Amino acid sequence: MRISRAAAAQRKRIRPFAVAVALVAGGACQCDEDTLVRVRPQLELDLERVDFGEVPLGATKRVVVPIANAGTAELVIVTATTSAPFGAVVLDTKITAGGTGLIDVLFQPTNDEAQVGTLQIESNDEDRPIVTLELTGQGVDSNLTIRPTDIDFGGTPVGATRVVELLMSSFGLEAQVGRIVAEGFDRPGHFRMTSLEDFSGTGTYSIGARSQLVFDLEYRPAEIGPDRGRLVFEVCGPRCGIEIDVGGEGAEASVRLRPAMIDFGTMAIGETKTDQIVVENLGNSALTVLSAASAGGPGLAITPSRNFPVGLEPGETITLTVELTAMAANEIHRTVVVTTNDAVLPEARASIVAEGQGPQIAVQPESISFGVQRDVDTYNRPLLLVNAGTTPVQVESVTLQGAPELGLGVLPALPARLGAGESLLVDVTFSPTAIGEYSGTVTVTSDDPSAAMVDVPVIGGLADRICEIDAATQQLNFGQLPPGFRRQLTAQLTNIGFDTCTISSAAFRAPVDPAFRLLNPPWPATLNPGEQLSLAFEYTPTDRVESKANFTMQTTDPVFPERHLSLIGTGAGTLEVFTDPESIDFGVVAPQCATQSRSIRVYNTGSIDVNVTGVTLTSSTSEIGLQGAPMSMVLTAGGSFGFDVTYEPQDFDVDTAFVEVAVAELVFPLIVPVQGEGAPQPQALDAFQQRSVSEDVDVLFVIDDSCSMGDDQQALAANFSVFIQSANVRSVDFQIGVTTTTIFPDPGALVGPVLTNNTPNLVGAFQAQANVGITGSGFERGLDAMLAALQAADAGIGYNAALLRPGAARVVVIVTDEDDSSAGAPALYYRELVSRSPDGQTAIIVSGGANGCTTMGRLAFPAPRYEEFRRLARGITESICNDWGRTLERIGNAAFGLSAFFPLSSPTADVNSIVVRVDGQVVTSGWTYDPVANAVEFTTPPPPGSTVEIEYTPTC
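Residues numbered from 1 in each chain as written. Predicted model: local features only at pLDDT ≥ 70, side-chain atom pairs only at ≥ 80, totals over all residues. Heavy atoms only, no water.

1. So, the overall build of the protein chain
Looking only at helices and strands, the protein chain has 8 helices and 71 strands in total. The globule rule puts the C-alpha radius of gyration for 956 residues at 30 Å, and the 40 Å found for the protein chain is more than 25% above it. On the principal axes, the C-alpha backbone points of the protein chain span a range of 145 × 95 × 60 Å. Pairs at least 24 residues apart make up 72% of the contacts formed inside the protein chain by residues separated by at least 6 positions. Averaging the positions of the 57 positive and the 113 negative side-chain charges in the protein chain gives two centres separated by 9 Å. (Helix = DSSP H or I, 4+ residues; strand = E, 2+ residues; numbered from the N terminus. Rg over C-alpha atoms; globule rule 2.2 N^0.38 Å. Contact = heavy atoms within 4.5 Å. Lys, Arg positive; Asp, Glu negative; His and termini not counted. Charge placed at Lys NZ, Arg CZ, Asp CG, Glu CD.)

Here you go:
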C-alpha cells in the first residue's frame, strides 16, 4: 500500500514508540520508508503424532523431533513435558530465525499394553506458546535382558583400572545379534569393553538361544574429572535398545607404589634377582596397609620391612623386598598386589617383568609304542628333539638300552647344537624276530640344566594266532539305569586261534566297582578252536554315579595271557537328554483286566539337536509291549517325543522288561525299567519315608503381579505364619526370597532383602514383600523369572546374592492364576532348576491346575505348562481356588520336609480296602482319601523319620 510522504514522515517520528510497544508485547518490528514489519519467532512442527511402534519391555526407543523456527526472531524452547512411559530431552533450547532445533523423545514401555501420551512444547512463540504432539507406542514381550543397567565406577585413581561385568541373558529360542552403540562419552578413551574397544564408535554382539554373555566393562581414567555416557545394546533397530548408564570419576589416590614396574631384564633359568618397592602415603590422613601378595604365577616372593597390618602417617613409607626366580625360558609377567584401606584405591599394583633365557630341551613323544605286530619286519617311529628355550642347547647323546630288536636309525653327528626353535629328528626302529614282548629306553642327554637327561620308554610285540580269545565286544555298556534296579548283559567269548585255550581264572581288577558282578563263574573253562563261552554280568547301581569296572581273565595264550573286558554303566543320568518317567511299575494287576498303558516321554533340554538311533524293548515275556516308538529320529534342541508301554498279564507272575533309547551323542543309552505282576486278587503296597533330620532350605517365591492377583497376594501374605510353622517345628534354617512373574526391566530380582529365621517381625516382613502389586505384565513368565532369579543369585547380583547357600535344599513356589508364558519348554526350566540344586529341589505350583478352577466369582485358568514342569520336578500342585490357610499348611510341610500328602501308585475304587500304617502300627483316623488326587492325606503329618505304608486293592 502506498502512503504519502507526510504520512511516512509522521510514521518515522512515532517509530521509537512503536518499537517499544512491540518489544513490550514480546516481539520486535523493523521498518523502512514504506512498510512496518513485526519481528517475532514462529514455531513450526510438521508432525502431529509420533508412533514408536512395538518396543520390547526393558528397551528404550528414541526419536528425534525437528522444531523449525519460521519467524524472524530467536525461538526459545522453555520446556518439553511428557509423562511416563514417554520422556523428552531438549537438545536445542534456542533456535535462530529460519533455523531448526531438535528434541529427543523416548518411549520406555513398562507393560505390554498400548500407550498414549502427549509432548507439550512451551516456547516464546506468541501465537502458539504451547504446541502439543501426540505420542503412541506398544510394549511387547522380550527375551533379552542386561544387568546392571546403571554403572557407577565412583572415584577411580588416574591410571588405575576398574572392571564391571555386564550379564546379558537370552530367554528366547533363537539366536540374536545387534549393535552396541556408545553415546555421549566426552572422554571415550577412558573406557573399553568386550566387543566395543572404541567408545567413540560401535560394536556388535551375538548371543545364542537360552544362553548368557558376559561383557567386561573397563574404566581407566587418564585425567581427573567426571566421565558420563550411555551404552545402547540395540534390540529393535537404530536407537532402540537396552540402555546402560555409565559413570565414573578420575581421582587421586592416597597410596602410591614406587616404582610402578620393575624390569629384571634377562635371567637365566633358575636365577634369582632382588629389588625393592616403596609403599607411600600421599594423603593427608593415616593409611593402613593390610597385605602384600604376588599374582600371575610362581617364582615371586615378597617380604615387607614391617609385619602387616602397617599404619602409615601422611608422607610415611614401608618397603617391600621382591625376589624373582626365573622358572622357564619365556617372558615373565607377575604382579605385586598391595591392599589398603584407601577408599579410592583399595588395591595398588606394581608390575614385575623379566625374560627367562636359557636352553630347554623338549622330547616328543614322551613314550613310543609299536603295538603288537603280526609280521616279522622292521618298523619305524619318529622321536623329535626340540629346543624350546631362548639360547642354544647342545644334545650330547641319544642312546637306547633294552631288547636288541629295538634300535635307533642313522643318527646325526653328536654332540649337535640346536638354536632356539630348532629341532632334531631321530628314528626308533623295531625288528622283532620271534613271538614275544620287547621293551627298552631311549635316553637323551643335553646341557639343559633343568633336564640334563630325558628317558623315553619304548615297547612292542610280535604275536601269532595260537590260542587267542576274542570277545564280540570289548565293552559291556549297561546304559543309564535308575538306582535300585538290576540289569543283566552277556559277553560272548570265542577262541579264534588254532589251539585249545583255557581260561584258568578271572577277577575284577582296578577299577573295581561293587555295582557289577559275574553271575556264573565257570572257571576253569576250556575252549576248542571256534568254541564260545557266555559270561553273564549284572549291574545294580545304588547311587546316581557313573560306574566302571575292569574284568581280567587269565588264559593259556603264550603271548598275551591276559584278556580284559570293560564294564560301564551309570545311575547318574543326564540333564540334557532324559526320559520321564525313569521307570514304570504297573503294580499288581488281575489277568482279566484290560490292557494297561503308561506313557514315556523323551526330552532334549540341551542346546543342540541329537540323533535317536533306536527305541527297543528287551523282555522275556510278550505281556509287556511297546506302542508308537520311532525307529530313529532327530530330536531337536528343546523338543520331546513320546510313546507307550503296555501290560496285559496272562498268568500269576512278576514280569520285567527294559526300554532302551539309544542316542548317538550319549555314551550311555537311556534305560527305563518296566515291571508288573499278575495276581488273582491283587493287593498293592506303597511305602514312604519321612525325612528325619533338619536341613538348610532356601525358598524362592515367584508371585504373579498381574492385575487379577490382588486378593490372592493378600491371602498369601495373611496366611504366611501357617506356611512357616513347619519350619519352626523342625528347627529348619531357612532363607526366603520373593520375586515376580514380570521379568522386565530387572528379571528375577528379589523385591527385598532375603528373609531368615533371624529377620525381625518375619511375618510382617514377608507380608510386605508378598504384596508385590498388580501393575506387572499380563504375560506371566514365572519359569523365566525363576531361572533369572537363580542366575542372579549365582552371579551375586543385588538382594539375590544372599539367597542360595551351599548345602541347602532349593524350594521354588510359583503362585499364579494363569499359565506360564515363558519362551522355552517346561523341561528346559526343570533342567536349570535341577542343575542349580545339588542338594535337592522341590517345586510347588499354586495355580488353576490342569483344568482351571473357580471360586467366589473368580477364575483361574488352566496351567498345563506349569503342570508339566511340576510333574518333571516331582513337585506338588495346589489349587489357587482352595482355602489359603490349608494350602499354605500343605506347601509348608512339603517345603520343609514333613509330608502329609501321599499319592498312590495305582488307582483304587475301594476306599474301604485302604489300610494305613505308620511305623508298623495301623492308623484308623487322622487321614482321608482324595479320589481326585488318588492320594491319602493326613490331618497332621507323620513324625520325622517315620515309615508310612498304604495297602489297598487296585482297580483295573
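Structure shown, so let's carry the discussion forward.
2. Quick look at the state of the cysteines
Under the criterion given, the structure shown has 2 disulfides. There is a disulfide in this structure between Cys-853 and Cys-881, and the S-S distance comes to 2.0 Å. On the sign convention where negative means left-handed, the S-S torsion of about 80° between Cys-853 and Cys-881 marks this disulfide as right-handed. Here Cys-853, found in strand E63 (residues 853-855), pairs with Cys-881, found in the loop between strand E65 (876-879) and helix H8 (884-895); they are 28 residues apart in sequence, far enough to count as distant. Comparing Cys-853 with Cys-881, the two get one shared label, buried. (Disulfide = S-S within 2.5 Å. Buried < 20%, exposed > 50% of the residue type's maximum accessible area, 1.4 Å probe, protein only.)

3. Structural notes on the confidence of the model for the protein chain
Looking at the protein chain as a whole, its pLDDT mean stands at 89, while 95% of the residues score no less than 70. Counted against residues more than four places away or in other chains, residues 1-29, with its pLDDT under 50, gives 25 contacts. (pLDDT = per-residue confidence, 0-100.)

4. Quick look at the layout of surface pockets
What the second largest pocket holds in volume is close to 590 Å³. If you go around the second largest pocket, you meet 21 residues; those closest to its centre are Gly-159, Ala-160, Leu-345, Ala-348 and Arg-349. Mapped by element, the contributors of at least two residues to the lining of the second largest pocket are strand E21 (255-258) and strand E29 (347-357). Grouping the amino acids of the lining of the second largest pocket by side-chain chemistry returns 13 nonpolar, 2 polar and 6 charged. (1 Å grid on protein atoms, 1.4 Å probe; cavity = no way out; pocket = protein on both sides within 12 Å on 5 of 7 lines; lining within 4 Å. Points joined across faces, edges and corners; volume = space filled by probe spheres on them. Nonpolar A, V, L, I, M, F, W, Y, C, P; charged D, E, K, R; others polar.)

5. Observations concerning the packing of aromatic side chains
Under the counting rule described, the total for this entry stands at 33 aromatic pairs. Seen from their ring centres, Phe-153 and Tyr-219 are 5.2 Å apart, and the 35° between their planes marks the pair as tilted. You can see Phe-153 sitting in strand E13 (residues 150-157) and its partner Tyr-219 sitting in strand E18 (residues 212-219), a full 66 residues away along the chain. Overall, the relative accessible area of 6% leaves Phe-153 in the buried class. (Phe/Tyr/Trp six-rings, centres within 6.5 Å; stacked < 30°, edge-to-face > 60°.)

6. With respect to empty space enclosed by the protein
Applying the stated rule across the entire model yields 3 cavities of 30 Å³ or more. Taken as a whole, the largest cavity holds about 80 Å³ of empty space. The wall of the largest cavity is formed by Ser-170, Phe-171, Arg-210, Asp-784, Leu-787, Leu-828, Tyr-829, Arg-831 and Glu-832. Those elements giving two or more residues to the lining of the largest cavity turn out to be helix H5 (782-795) and helix H6 (826-835). For the lining of the largest cavity, the element with the highest residue contribution is H6, accounting for 4 residues. Residues of the lining of the largest cavity, tallied by class, amount to 4 nonpolar, 1 polar and 4 charged.

7. With respect to the environment of Val-322
With respect to the helices and strands, the residue Val-322 is situated in strand E27 (residues 317-325). Separated by 536 residues in the primary sequence, Val-322 and Arg-858 place their C-alpha atoms 74 Å from one another. Among residues more than four places away in sequence, those in contact with Val-322 are Ile-262, Phe-264, Lys-273, Thr-274, Asp-275, Gln-276, Ile-277, Leu-300, Ala-301, Ile-302, Val-336 and Ile-352.

8. With respect to the nonpolar core
Among the nonpolar cores identified, the biggest contains 35 residues, and Phe-701, Phe-723, Ile-736 and Phe-896 are the most heavily contacted of them. Contributing elements (two or more residues each) for this core: strand E58 (696-703), helix H2 (710-718), helix H3 (720-729), strand E59 (733-740), helix H4 (762-770), strand E61 (809-815), strand E62 (841-847) and H8. Looking at this core element by element, the count peaks at 5 residues for H8. Setting aside residues up to four positions removed in sequence, Phe-896 forms contacts with Val-697, Val-699, Phe-723, Ile-724, Ser-726, Ala-727, Arg-730, Val-732 and Phe-734. (Core = buried A, V, L, I, M, F, W, Y, C linked by side-chain atoms within 4.5 Å.)

9. Structural notes on a nonpolar patch on the surface
A cluster of nonpolar side chains, Val-64, Val-89, Leu-91 and Leu-102, forms an exposed patch at the surface whose accessible area comes to about 290 Å². In this structure, Leu-102 sits in strand E9 (residues 100-107). Relative accessible area serves as the criterion here: at 32%, Leu-102 is assigned to the partly exposed category. (Patch = residues over 30% accessible without salt bridge, like charges linked within 9 Å, V, L, I, M, F, W, Y side chains within 5 Å. Areas by Shrake-Rupley, 256 points an atom, 1.4 Å probe, with all protein chains shown as cover. Salt bridge = Lys/Arg side-chain N within 4 Å of Asp/Glu carboxyl O.)

10. Thoughts on the pattern of salt bridges
Inspection of every chain in the model, using the stated rule, returns 37 salt bridges. A salt bridge links Asp-698 to Arg-805, with the nearest nitrogen and oxygen atoms 2.7 Å apart. Taken as a pair, Asp-698 in strand E58 and Arg-805 in the loop between H5 and E61 lie far apart in primary sequence, 107 residues in all. Here Arg-865 makes a salt bridge to Asp-820, at a shortest N to O gap of 2.8 Å. Linking Arg-865 in helix H7 (residues 864-872) with Asp-820 in the loop between E61 and H6, this pair joins segments that are 45 residues apart in sequence. On the basis of relative accessible area, Asp-820 is assigned to the buried category, the value being 5%. Via salt bridges that share partners, Arg-62, Asp-104, Glu-183, Arg-230, Arg-239 and Glu-243 belong to a single interconnected network.

11. Re H7
Listed in full, the buried residues belonging to H7 are Arg-865, Tyr-866, Glu-867, Phe-869 and Leu-872. Of the residues trailing H7, Arg-874 is marked for its positive phi of about 55°.

12. Some details on the sheet that holds strand E54 (residues 640-647)
Taking strand neighbours across the sheet as the criterion, the 4 strands line up as E48-E50-E54-E52 in an open arrangement whose pairing is antiparallel. At either end of the open sheet lies a strand with only one pairing partner, and these are strand E48 (577-580) and strand E52 (624-627). Within the sheet, the average angular offset between the axes of one strand and its neighbour, ignoring direction, is 25°. The pairing of strand E50 (residues 596-604) with E54 spans 8 bridges and is antiparallel. Bridge pairing in E54 links Gln-596 to Tyr-647. (Pairing = 2+ DSSP bridges. Axes fitted to C-alpha atoms, helices over the stretch in contact; angles between N-to-C directions.)

13. Considering the sheet that holds strand E8 (residues 94-95)
One open sheet holds the 5 strands; their spatial order is E4-E11-E10-E6-E8, and the pairing between them is mixed. Looking at strand neighbours, the two that pair on one side only are strand E4 (49-56) and E8, the edges of this open sheet. Pairing of strand E6 (residues 75-81) with E8 involves 2 bridges; the strand directions are antiparallel. For Val-76, the partnering residue across the bridge sits in E8 and is Lys-94.

14. Section: the environment of Met-193
Summarising the element assignment, Met-193 is placed in strand E16 (residues 191-193). Other than its neighbours up to four places away in sequence, Met-193 contacts Leu-166, Ile-180, Phe-199, Phe-215, Asp-216, Leu-217, Leu-231 and Phe-233.

15. Structural notes on the packing of H6 against H7
Where H6 contacts H7, the two axes come as close as 9 Å, and the packing angle between them is 40°. With respect to H7, the axis of H6 lies oblique. Handedness of the crossing formed by H6 with H7: right-handed. On H7, the residues that touch Pro-826, Ala-827, Tyr-829, Tyr-830 and Leu-833 of H6 are Arg-865, Glu-868, Phe-869 and Leu-872. Counted by class, the contact of H6 with H7 contains 7 nonpolar, no polar and 2 charged residues. (Parallel < 35°, antiparallel > 145°, perpendicular 65-115°, else oblique. Left-handed = near helix turned anticlockwise from the far one by under 90°.)

16. Let's talk about unusual backbone geometry
With an omega of 10°, the peptide bond running from Ala-84 to Pro-85 counts as cis. Inspection of the secondary structure puts Pro-85 in the loop between E6 and strand E7 (86-90). Cis geometry marks the peptide bond from Trp-523 to Pro-524, where omega comes out at -10°. The phi dihedral of Arg-239 is positive, around 55°, even though this residue is not glycine. In this fold, Arg-239 is placed in the loop between strand E19 (225-234) and strand E20 (240-251). For Asn-761, which is not a glycine, the phi torsion comes out positive at approximately 45°. In this fold, Asn-761 is placed in the loop between strand E60 (755-756) and H4.

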